[in-house]
Amino acid sequence: MQRLLDSYRAIPPNSTVRLAKPTSNLFRARDRSDVKGLDVSGLTGVIAVDAEARTADVAGMCTYEDLVAATLPHALAPLVVPQLKTITLGGAVTGLGIESTSFRNGLPHESVLEMDILTGAGEIVTASPEQHADLFRAFPNSYGTLGYSTRLRIELEPVMPFVALRHLRFHSLTELMAAMDRIIETGGLDGEPVDYLDGVVFSADESYLCVGFKTTTPGPVSDYTGQQIYYRSIQHAEGEKHDRLTIYDYLWRWDTDWFWCSRAFGAQNPMIRRFWPRRLRRSSFYWKLVGYDQRFNIADRIEIRNGRPPRERVVQDIEVPLENCEQFLSWFLENVPIEPIWLCPLRLREGDRDGTGWPLYPLRANHTYVNVGFWSSVPVGPVEGHTNKLIEAKVSELDGHKSLYSDSYYPREDFDELYGGETYKTVKKSYDPDSRLFDLYSKAVLRR
Ligand SMILES: Cc1cc2nc3c(=O)[nH]c(=O)nc-3n(C[C@H](O)[C@H](O)[C@H](O)COP(=O)(O)OP(=O)(O)OC[C@H]3O[C@@H](n4cnc5c(N)ncnc54)[C@H](O)[C@@H]3O)c2cc1C
């Protein structure tokens, strides 16, 4: 903590403060000139797990990989474990995260009991529903523009050693959405309580729900960290397919191939995969490859050399109300040449205030939304960000929201309306009066 405060004080008052952190899952390019980094090297561990109270005290920059390694021996896990191993607890709370428990557990910030935050003013305050509640409520989706969380106390939930999976195949999006709705409304499938739920759309007539059940029953388990690939394993012609994973492998099932994005690097080609070291089959390694590509424009150079236009990056997660999801998917499949698409339903946890609970990312209480994730590129259009702008407009038309970890193009007025502009300004003034940190629009849209 002292190192952090010393590094804050060493930053000249006219310089903007930012994190100096070895990993990131932020996808927008950033201008890093004139920005000084905070030393967060002492804030990467799990401080304590209280198995009886089912809580953990965790440093702000602790990765979920390290956090889960500390909780699983107690047969406990965070209520939502984002899929990529190097996402940190602080990053998921300030930048939002989601996973297959979100239909019953909401989003990661909803299981935070309290957190210590180094504010823009250079003070450490403890924020909770009772203390500095304005900061606590505005922190999710603020992307480090109000302060940095240095310690978080979170709730944990019991897990079992295995997850039994039923992959359900659908030939129409209408049937897919109806089945998802039914599972969420009843909390079960064929009378059995469902613990985990997400899905994948390959095309309008090939989509799946991946329905998971906690179990202690021993038996053979699959391994998708070797030659087999998880997202391919769920595909089948009709009806349903069964599978089983250890809880550890289930939580990280998407990390090995960064969902399906590893195919861009050849890692799914059996010949290459055989020689690809197992320890480098993980999202953080592919991230490094993307970093090189962005630095040296490798993909664009290849396209140009092959006589094709450069490409526009379309790496996004959006949320629409469940009743509008089929419409969004149909529009997307017709207009954006990207597949597969990831689906993950979510509902705010019970008792939250309608719309006002988390002002920077307002969602209706007691309402099901579906997160739709797509991570690839398309040929460039007539203007910069053409396809991303079409997606932003469609999402707003369908009463949805877009996560801000990647490129955004909203005009400032629209942005303020969508992301709690007025509340944000008030909280920003209180906790970062001298604007030592960028503001949210600068970070999310202007790529500062
Ligand atoms: C391809 C892709 C797929 C994704 N898929 C998912 C997904 O399926 N599920 C999911 O949950 N999320 C997903 N994400 C989003 C990811 O959860 C967010 O980008 C998250 O903010 C990343 O956290 P990080 O710890 O890597 O933070 P970083 O990338 O390092 O930082 C993200 C932002 O948070 C700020 N920040 C970081 N730590 C703190 C802190 N302690 N306090 C305050 N601010 C902080 C940083 O300043 C920065 O603005 C995806 C991202 C990508 C690129």
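Rules and cut-offs
- Residues numbered from 1 in each chain as written.
- Predicted model: local features only at pLDDT ≥ 70, side-chain atom pairs only at ≥ 80, totals over all residues.
- Heavy atoms only, no water.
- 1 Å grid on protein atoms, 1.4 Å probe; cavity = no way out; pocket = protein on both sides within 12 Å on 5 of 7 lines; lining within 4 Å.
- Points joined across faces, edges and corners; volume = space filled by probe spheres on them.
- Nonpolar A, V, L, I, M, F, W, Y, C, P; charged D, E, K, R; others polar.
- Near = heavy atom within 4 Å.
- Polar contact = N/O pair within 3.5 Å; in protein donor to acceptor, adjacent residues only side chain to side chain.
- Areas by Shrake-Rupley, 256 points an atom, 1.4 Å probe, with all protein chains shown as cover.
- Helix = DSSP H or I, 4+ residues; strand = E, 2+ residues; numbered from the N terminus.
- Pairing = 2+ DSSP bridges.
- Contact = heavy atoms within 4.5 Å.
- Axes fitted to C-alpha atoms, helices over the stretch in contact; angles between N-to-C directions.
- Buried < 20%, exposed > 50% of the residue type's maximum accessible area, 1.4 Å probe, protein only.
- Lys, Arg positive; Asp, Glu negative; His and termini not counted.
- Salt bridge = Lys/Arg side-chain N within 4 Å of Asp/Glu carboxyl O.
- Parallel < 35°, antiparallel > 145°, perpendicular 65-115°, else oblique.
- Left-handed = near helix turned anticlockwise from the far one by under 90°.

This paragraph deals with empty space enclosed by the protein. Evaluated as defined, the whole model comprises three cavities of 30 Å³ or more. There is about 60 Å³ of room inside the largest cavity. Classifying every residue of the lining of the largest cavity by side-chain character gives eight nonpolar, one polar and two charged.

Neighbouring the ligand are 32 residues, the closest being Lys-21, Ser-24, Gln-83, Thr-88 and Ile-98. A distance of 3.5 Å separates a nitrogen atom of the ligand from a polar atom in the backbone of Gly-144. Contact distances for the ligand include 2.9 Å between a nitrogen atom and a backbone N or O atom of Ser-149. Summarising the interface, the protein chains cover 98% of the accessible area of the ligand, which totals 950 Å² for the free molecule. Top contributing element to the shell around the ligand by residue count: helix H3 (residues 89-95), with four residues.

With respect to topology, eight strands assemble into an open sheet ordered S14-S9-S13-S12-S16-S17-S15-S18, the strand pairing being antiparallel. For this open sheet the edge positions go to strand S14 (240-246) and strand S18 (401-402), each flanked by a neighbour on one side alone. Note: strand S9 (residues 162-170) against S14, seven bridges, orientation antiparallel. Its bridge partner lying in S14, Ala-164 is registered against Arg-244. Where helix H12 (residues 322-335) meets the sheet, its contacts fall on strand S12 (196-203), strand S15 (311-321), strand S16 (341-346) and strand S17 (369-379), and the angle it forms with S15 comes to roughly 160 degrees. Across the sheet, helix H13 (residues 386-397) is in contact with S15, S17 and S18; its angle to S15 comes to roughly 10 degrees.

Looking at where Arg-281 falls in the secondary structure, it is placed in the loop between helix H9 (270-275) and helix H10 (283-296). Nearest to the buried, unbridged Arg-281 among oppositely charged side chains is Asp-257, at 6.6 Å. Polar contacts involving the side chain of Arg-281 include one to the main-chain carbonyl oxygen of Thr-225, which spans 2.4 Å. Among all residues touching Arg-281, those that are not within four sequence positions of it are Thr-225, Gly-226, Gln-227, Thr-256, Arg-273, Trp-276 and Tyr-286.

Two numbers describe how H12 lies on H13: the axes approach to 10 Å, and their chain directions differ by 160 degrees. Comparing the axis directions of H12 and H13 gives the class roughly antiparallel. The element H12 and its partner H13 pack so that their crossing is right-handed. Touching Gln-327, Phe-328, Trp-331 and Phe-332 of H12 are Leu-390, Ile-391, Lys-394, Val-395 and Glu-397, all from H13.

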